[in-house]
Amino acid sequence: MKSEDSPEIDEYLLRSARQVPAPPPSAEILKAVGAIEPVRTRTRFGAFLIVATVGAIWPAYTLIRFPLRRDLGALPAPWVAIGAALWAATLVLSLAAALVPARGEVLPSAGRAARISAIAMGLVLAFTAVWTAFAPGVSLRPEDVGKTLIQSCWGCGKYVLQVAAIFMVLGLVLLRRVLPVGGRGVGLAVGAAGGALGGLALHLLCPIATTGHVLLSHGGAMVLASLAGALIFQGLLGR
Amino acid sequence: MDPEALAASEAMARYCDGEAAAFHRLYAMLAPRVLGYLAGLLGERAAAEDVLQLAFIKVHDARGSYVRGANPIPWIYTIAHRTCLDEMRRRKRSRLRLTKDGELRAGAAAHITGVAEEARPLEDDHASAAAAMAALERLPDNQRQALMLTKIHGRTVAEAAMITGTTPGAIKLRAHRAYVTLRGLLGKAGSPAQTEKAQPRTELA
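Residues numbered from 1 in each chain as written. Chains lettered and ligands numbered in written order. Predicted model: local features only at pLDDT ≥ 70, side-chain atom pairs only at ≥ 80, totals over all residues. Heavy atoms only, no water.

Here we look at the overall build of chain B
Inference 1: Regarding its fold elements, chain B presents 9 helices and 0 strands.
Inference 2: Secondary structure elements in chain B, listed N-terminal to C-terminal, are α-α-α-α-α-α-α-α-α.
Inference 3: Relative to its full complement of 205 residues, chain B shows a buried share of 56%.
Inference 4: Look at the contacts in chain B between residues 6 or more apart in sequence, and 67% of them connect residues 24 or more apart.
Inference 5: Element-wise, carbon and sulfur atoms account for 53% of the exposed surface of chain B, whose accessible area totals about 8800 Å². (Helix = DSSP H or I, 4+ residues; strand = E, 2+ residues; numbered from the N terminus. Buried < 20%, exposed > 50% of the residue type's maximum accessible area, 1.4 Å probe, protein only. Contact = heavy atoms within 4.5 Å. Areas by Shrake-Rupley, 256 points an atom, 1.4 Å probe, with all protein chains shown as cover.)

This is the structure in structure tokens:
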């Protein structure tokens, strides 16, 4: 803004800033305020903790219920660690940006949420695209399980979208009547966070290790979830 | 937090605790400037007053979503902004209204100062303020919002982005474009008095 400062225009604008006397509160407001009662207010981290905790129940159950991928021990440890860290970072950063307002603010910044989640998703996708770990004889390819690439993506993609759907439902419930504007950006970040948690669980569960499969059904489903979040939040929270 | 934000935050906290007097303090503190913002967006004082009342009803209903210790001013602007967008959409849908005879009503175009166009005083101070408002009225909605919030209402770029539900980059770009347009308008008009004669943006039904 500094580069746009123009004393002439600023002075001109300030001429328009004459403060307008406001009318007194309407009878409807006075009636509502007359019957006022104390309310419990939101906390900065409340929504984040609820969505993260409740949303993690199902992925945690699947991690306990189903065996970890059979090639986990044969894969390079740095690849497993960096991959898990990136998926987890996308989850935490996107969810925090979507639901935790900055200190001193009431609402989360939709623009910041969209930006952070887009960058985090980009990093995960780049990692998935450029560094695929494969343990010959242990890791699986789609053809090893008798499926085409697209068929192999169905189950994993569905899982990621289901995890993301839980996040989106929780987010919608918690942000109902809270977010007057910016539903699209916040929805994008909530969808990305849910998709990232699904991707994190699959990083430890899914033994199909080809780049195409991971990029399409893990990363692609996360992107799809974020786009769905943007559309759904914009449509439903804007009402 | 600046003293004004601190005072608003304290009033909001007491309001949430059920203190009616705190609401009136908050209203007295913020209603005039929110009304100014709404009048700038809507181009009509009466409609802006209606939206102001609606916005404060929404603030009352949504007070449970306030985060204690936060500055409530951008939040209240956000609610007012959203309420105003809804009103603008509603008005767009019902822009054309007919008289009893089936004729299009040629209502006086009110100025966003709230004074009807033909009744506006032409003294110098009023004229120059009105000219500035007339120039603002000619900007596209999103550019006007960006400029009003950052230059007239003292909001930071980040706050303006939050209020309008966009990014700080978009706010900067819109404000930049608004500056360019205003420069063009001022250059073309030559004097504030001439700018004042520019066609007002909003024709009232």
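Next comes the rest of the write-up.
Re the overall build of chain A
Inference 1: The secondary structure content of chain A amounts to 9 helices and 0 strands.
Inference 2: Along its sequence from the N terminus, chain A presents helices and strands in the succession α-α-α-α-α-α-α-α-α.
Inference 3: Taken over the C-alpha trace, chain A has a radius of gyration of 23 Å; the compact-globule value for 239 residues is 18 Å, which it surpasses by more than 25%.
Inference 4: Dimensions of chain A, computed from C-alpha atoms along their principal axes, come out at roughly 80 × 50 × 30 Å.
Inference 5: Expressed as a percentage of the 239 residues in chain A, the buried residues total 47%.
Inference 6: Contacts in chain A between residues far apart in sequence, at least 24 positions, make up 88% of those at least 6 positions apart.
Inference 7: If you sum the accessible surface of chain A, you get close to 11500 Å²; carbon and sulfur atoms cover 68% of it.
Inference 8: Positive and negative charge centroids in chain A, built from 20 and 11 side chains respectively, lie 13 Å apart. (Rg over C-alpha atoms; globule rule 2.2 N^0.38 Å. Lys, Arg positive; Asp, Glu negative; His and termini not counted. Charge placed at Lys NZ, Arg CZ, Asp CG, Glu CD.)

So, the environment of A:Arg69
Inference 1: Examined against the element boundaries, A:Arg69 turns out to sit in the loop between α4 (57-65) and α5 (77-99).
Inference 2: Once residues lying within four places of it in the same chain are set aside, the contact partners of A:Arg69 are A:Leu75, A:Trp79, A:His203, A:Leu204, A:Leu205, A:Cys206, A:Pro207 and A:Ala209.

Observations regarding the packing of helix α7 (residues 149-175) of chain A against helix α8 (residues 183-205) of chain A
Residue and element names in this part refer to chain A.
Inference 1: Packing of α7 against α8 brings their axes to within 8 Å, and their N-to-C directions diverge by 140°. By the criterion of interaxial angle, the relationship of α7 to α8 is oblique. Relative to α8, α7 is oriented so that their crossing is right-handed. When α7 is examined against α8, the residues Cys156, Tyr159, Val160, Val163, Ala164, Phe167, Met168 and Leu175 are found in contact with a partner set consisting of Val186, Val190, Gly191, Ala193, Gly194, Gly195, Leu197, Gly198, Gly199, Ala201 and Leu202. (Axes fitted to C-alpha atoms, helices over the stretch in contact; angles between N-to-C directions. Parallel < 35°, antiparallel > 145°, perpendicular 65-115°, else oblique. Left-handed = near helix turned anticlockwise from the far one by under 90°.)

A word on the domain arrangement of chain A
Inference 1: According to the domain assignment, chain A consists of domain 1 (3-34) and domain 2 (46-237).
Inference 2: When each unit is reduced to the centre of its C-alpha atoms, the spacing between domain 1 of chain A and domain 2 of chain A is 44 Å. (Domains from an automatic or database assignment.)

Some remarks on helix α3 (residues 46-55) of chain A
All names here are of chain A.
Inference 1: All of the buried residues along α3 are Ala47, Phe48, Val51 and Gly55. All buried residues of α3 lie within an arc of 105° about the axis, which places them on one face of the element.
Inference 2: Buried residues in α3 make contact with α4, α5, α7 and α8. (Arc of directions from axis to C-beta.)

Some points on the environment of B:Pro140
Inference 1: Tracing the sequence through the fold places B:Pro140 in the loop between α5 (124-137) and α6 (141-152).
Inference 2: Each C-alpha atom of the pair B:Pro140 and B:Thr181 lies 9.7 Å from the other, and the pair is 41 residues apart in sequence.

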